[in-house]
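Coordinate inspection notes
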Amino acid sequence: RPQAGVHPSPSPGQPPGITRAVWPPAARPSGGKMAGSRRCCCCCCCIRGCGTLFAAGVAAAAIAAGLYLAELERFRTKAPGVRWVNWIGEFDCGPAVKVERPSTLEELQEAVRRHPSVRAAATGHSFNPFACPRSESGAVVDVRAFRDIEVVKHGEGYAVKAGAGIKMGQLQNEILARGLTLRVPPGNSAYTLGGCIATGCHNLGQSHAQDLLAVTFVMHNGTIREVRRGEADFDAAAVSIGRLGIIISSTLEVLPYRSLQWSAEQLPLPATAGVIDKLGEMTKRQTSRETVGNKLVFYLATGVMMMEHWVPTGRAVDLQESAEPLPPYVNPQPFRVGQGPVSQIYGAARNFVFSVVPTEVMTMLQIPAEAAFRGLHSSPALAKVRKALGWQHSPEARGESSTRPSGNQYTWAGWLDEVMNLVMGLRHVEVIFPLEPRDRAAKCLDVVFAHRHLAWWRLNVRTQQSEGFHLSSTYAEPGAKPVTFLRVDFVGPGALLDLPSGEASLTEQLHKDCPGWRKHWGKGLFASSGEERWGDAAAFLEAAARWDPDGKFEPRSNPKWLSLR
């Protein structure tokens, strides 16, 4: 500031009335102080700029969250324009397909009569378009409202009759509270009973269809029909992929509870022929339906093979019913979107990333992911941690290793698992082929190993004996010598599977080197290999022609070898 009271005269040439302030020498700012002032101004500008960017980021996140919630609510409330989507919104049936959500049997019957083309669905855990009706003017019937359950006597034992929409985790909880259990625990608690029966779900070397006693359908004209084990069409109904009608309930044999003691050991990774021999040794231990099958687990990016042991204890002589029901299994499906621009933009961005990042880089990223997964999943020291976290991939999380089961719960670990599925667009793939002849089985396994870049986190190999249901993925002719099948499953990013080096390459090589291979009806690989045949198609089509003469229940992308047209 100029000195107080100093009013200097105008400078020469300066207009009258204009004065120039005179600074005292001590107060006159030097060049350094002026520079400091400029730096402060720059910092202020940076802070303001960062604040603006932060505010813009918060606003963008809020908008994205709002659009995400809008997509989620559109599906949950069946708003106008809703599309039927799978559990992470990756597959949809298109805007023209209606979504029906009946809450009573009468409403379900009316929905079947009203539409020319109908498919049943529920939690949407399939990885193919078979949930969609053949016709764009058709409808998807959501059967999640049908969750009734009843435990009844069956000969000297027990059976459970349950609605098609009940989740397998909740079904197991209901019967565990009564001192009973399914012969093998569910492989995924979020699947529904109807979907499991229709597609041939399995776990620990056995399918749930092997314990199926009866299944009830709504037929093409809305009438009700039940098929029981031993009746003429039971082998078509036990694994029907929804072609005979809408499953509304199933009856399964259940048994007194037993615990499963689980452990894992790391083994040297042999050549493929050695792996096949190890699997042959494993099958010798499966001497009856009461014997639980072990499995081999491969961490291919890190070159590790582990064997998981599942040792059942004896079944209880007397039913040990709980005083109170077990806590329910509630999975809110928080990522069932796929209804608008957020899903479309994110899906396109995800596909772009996987298409441009080199395979070598992807493999490098798998190494730490595999190491972390293997440590959490297999370390004996972390058993209590797995149980506390609700690690859904081990028996501790499902209460199967204790004398008093705690049942299935949807935990934060299950939520995190679904987050990873959404973020990476994961698809479940299963390749199935006979163990014998072993040289051919080795070639089949080599094809899968050659596509190891598709298998993220781990690859599982299980064994299962053949069964006589017409469309079972482990079908063998009834009365013939039993056949042991290998079931090789893994999850991989859908964007990688869609590349030429992905699903198309895998199925092409399987077609050449692994004749007779099969797939799981609820999983992937049908886009490039839908015409690979197995089972007794003629017997199944004969039953389908009688049950559904107009093909009302044929799915979209129905294999030609299973078409009535």
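Residues numbered from 1 in each chain as written. Predicted model: local features only at pLDDT ≥ 70, side-chain atom pairs only at ≥ 80, totals over all residues. Heavy atoms only, no water.

**Some remarks on the overall build of the chain**
Within the chain one finds 16 helices and 18 strands. The globule rule puts the C-alpha radius of gyration for 565 residues at 24 Å, and the 31 Å found for the chain is more than 25% above it. Along the longest, intermediate and shortest principal axes, the C-alpha atoms of the chain span 120 × 60 × 55 Å. Looking at the 565 residues of the chain, the share that counts as buried comes to 51%. Contacts in the chain between residues at least 24 apart in sequence constitute 71% of all its contacts with a sequence separation of at least 6. Summed over its atoms, the accessible surface of the chain is roughly 25200 Å², and 60% of this surface lies on carbon and sulfur atoms. Side chains of the chain give 62 positive and 52 negative charges; the mean places of these two sets differ by 10 Å. (Helix = DSSP H or I, 4+ residues; strand = E, 2+ residues; numbered from the N terminus. Rg over C-alpha atoms; globule rule 2.2 N^0.38 Å. Buried < 20%, exposed > 50% of the residue type's maximum accessible area, 1.4 Å probe, protein only. Contact = heavy atoms within 4.5 Å. Areas by Shrake-Rupley, 256 points an atom, 1.4 Å probe, with all protein chains shown as cover. Lys, Arg positive; Asp, Glu negative; His and termini not counted. Charge placed at Lys NZ, Arg CZ, Asp CG, Glu CD.)

**Here's the deal with the state of the cysteines**
Considering all chains together, one arrives at 2 disulfides under this definition. The residue that forms a disulfide with Cys-93 is Cys-132, at a sulfur-sulfur distance of 2.0 Å. Between Cys-93 and Cys-132, the S-S torsion sits near -85°, and that sign places the bridge as left-handed. Residue Cys-93 is located in the loop between α1 (31-76) and β1 (98-100), and its partner Cys-132 is located in the loop between β2 (118-121) and β3 (139-142); the two are separated by 39 residues in the primary sequence. Judged by relative accessible area, which is 1%, Cys-93 ranks as buried. Note that Cys-444 is cross-linked by a disulfide to Cys-514, the S-S spacing being 2.0 Å. Its torsion about the S-S bond being 100°, the disulfide of Cys-444 and Cys-514 is classed as right-handed. Of this pair, Cys-444 sits in helix α12 (residues 438-450) while Cys-514 sits in the loop between α14 (503-513) and β18 (518-519), placing them 70 residues apart in sequence. (Disulfide = S-S within 2.5 Å.)

**Focus on the sheet that holds strand β14 (residues 304-312)**
Read across the sheet, 7 strands follow the order β12-β14-β13-β16-β17-β15-β18 without closing on themselves; strand pairing throughout is antiparallel. Of all the strands in the sheet, the pair left with one neighbour each is β12 (260-267) and β18. Strand direction decides the pairing type here: strand β13 (residues 295-299) and strand β16 (residues 456-465), joined by 4 bridges, are antiparallel. Bridged to Leu-296 within β16 is Val-461. (Pairing = 2+ DSSP bridges.)

**A closer look at the packing of helix α6 (residues 272-284) against α12**
At their nearest, the axes of α6 and α12 sit 9 Å apart, and the two run at 115° to each other. With respect to the hand of their crossing, α6 and α12 are arranged in right-handed fashion. For the pair α6 and α12, the contacting residues are Thr-272, Val-275, Ile-276, Asp-277 and Gly-280 in the first and Arg-438, Ala-441, Ala-442, Leu-445, Asp-446 and Phe-449 in the second. Split into classes, the residues belonging to the contact of α6 with α12 amount to 6 nonpolar, 2 polar and 3 charged. (Axes fitted to C-alpha atoms, helices over the stretch in contact; angles between N-to-C directions. Left-handed = near helix turned anticlockwise from the far one by under 90°. Nonpolar A, V, L, I, M, F, W, Y, C, P; charged D, E, K, R; others polar.)

**What about a nonpolar patch on the surface?**
Taken together, the side chains of Trp-412, Trp-415, Leu-416 and Met-420 make up a nonpolar region of the molecular surface, amounting to roughly 400 Å² of accessible area. Examined against the element boundaries, Leu-416 turns out to sit in helix α11 (residues 412-424). (Patch = residues over 30% accessible without salt bridge, like charges linked within 9 Å, V, L, I, M, F, W, Y side chains within 5 Å. Salt bridge = Lys/Arg side-chain N within 4 Å of Asp/Glu carboxyl O.)

**A word on the packing of aromatic side chains**
In total, this model carries 14 aromatic pairs according to the counting rule given. Where Phe-335 meets Trp-415, the ring centres are 6.1 Å apart and the plane angle is 40°; that geometry is what we call tilted. With Phe-335 in the loop between β14 and α7 (341-356) and Trp-415 in helix α11, this pair connects stretches of sequence that are 80 residues apart. Taken together, Phe-130, Trp-521, Phe-526, Trp-534 and Trp-561 form an aromatic cluster joined through their ring pairs. The residue whose ring lies beneath Arg-101 is Phe-75, and the NZ or CZ to ring-centre distance is 4.7 Å. (Phe/Tyr/Trp six-rings, centres within 6.5 Å; stacked < 30°, edge-to-face > 60°. Lys NZ or Arg CZ within 6 Å of the ring centre and 35° of its normal.)

**Some details on the pairing of β16**
Taken residue by residue, a regular strand's side chains alternate between the two faces of the sheet. Along β16, 9 of the 10 residues are buried, which leaves the element largely enclosed by surrounding structure. Relative to strand β17 (residues 484-493), β16 runs antiparallel, the two sharing 8 bridges. Each bridged residue has a counterpart across the sheet, and for Arg-462 the counterpart in β17 is Arg-487.

**Overview of the side chain of Asn-558**
Along the chain, Asn-558 falls in the segment after α16 (537-547). A polar contact is formed between the side chain of Asn-558 and the backbone oxygen of Leu-562, at a distance of 3.1 Å. With near-sequence residues (within four places) excluded, Asn-558 lies in contact with Arg-243 and Ser-563. (Polar contact = N/O pair within 3.5 Å; in protein donor to acceptor, adjacent residues only side chain to side chain.)

**Thoughts on helix α3 (residues 168-176)**
An α-helical turn contains 3.6 residues, so a residue and the one three or four places further along point in the same direction. With 8 of 9 residues buried, α3 is to be regarded as a mostly interior element. Among all positions of α3, only Met-168, Gly-169, Gln-170, Leu-171, Gln-172, Asn-173, Ile-175 and Leu-176 are buried. Looking at the buried side of α3, the elements it contacts are β4 (149-154), β5 (157-163), β6 (180-181), α4 (193-199) and β11 (246-256).

**Section: the sheet that holds β1**
To summarise the sheet geometry, strands pair through backbone hydrogen bonds and adopt either a parallel or an antiparallel arrangement. One open sheet accounts for 3 strands, arranged β1-β3-β2; its pairing is parallel. In this open sheet, the two strands that pair with only one neighbour each are β1 and β2. Across the sheet, the mean angle from the axis of one strand to that of its neighbour is 25°, orientation sign disregarded. As judged from the 4 bridges shared by β2 and β3, these two strands associate in the parallel manner. Within β3, the residue paired with Val-118 across the bridge is Ala-139.

**A few points about the environment of Asn-203**
Secondary-structure assignment places Asn-203 in strand β7 (residues 202-203). Residue Asn-203 is classed as buried on the basis of its relative accessible area of 8%. Considered as a pair, Asn-203 and Pro-186 are 17 residues apart in the sequence and their alpha carbons are 6.6 Å apart. A distance of 2.7 Å separates a polar atom in the side chain of Asn-203 from the backbone oxygen of Pro-185.

**Regarding the packing of α7 against α11**
α11 packs onto α7 with a crossing angle of 75° between their chain directions and a minimal axis gap of 9 Å. In terms of their interaxial angle, α7 and α11 are classed as roughly perpendicular. Across the interface between the two elements, Tyr-346, Arg-350 and Phe-354 from α7 touch Leu-422, Val-423 and Met-424 from α11. Along the lines of polarity and charge, the residues of the contact of α7 with α11 split into 5 nonpolar, no polar and 1 charged. (Parallel < 35°, antiparallel > 145°, perpendicular 65-115°, else oblique.)

**Quick word on the environment of Thr-302**
Within the secondary structure, Thr-302 is located in the loop between β13 and β14. Between the alpha carbons of Thr-302 and Ala-56 there is a distance of 42 Å; along the sequence they are 246 residues apart. Apart from residues no more than four positions distant in its own chain, Thr-302 is found in contact with Ile-367, Glu-370 and Arg-374.

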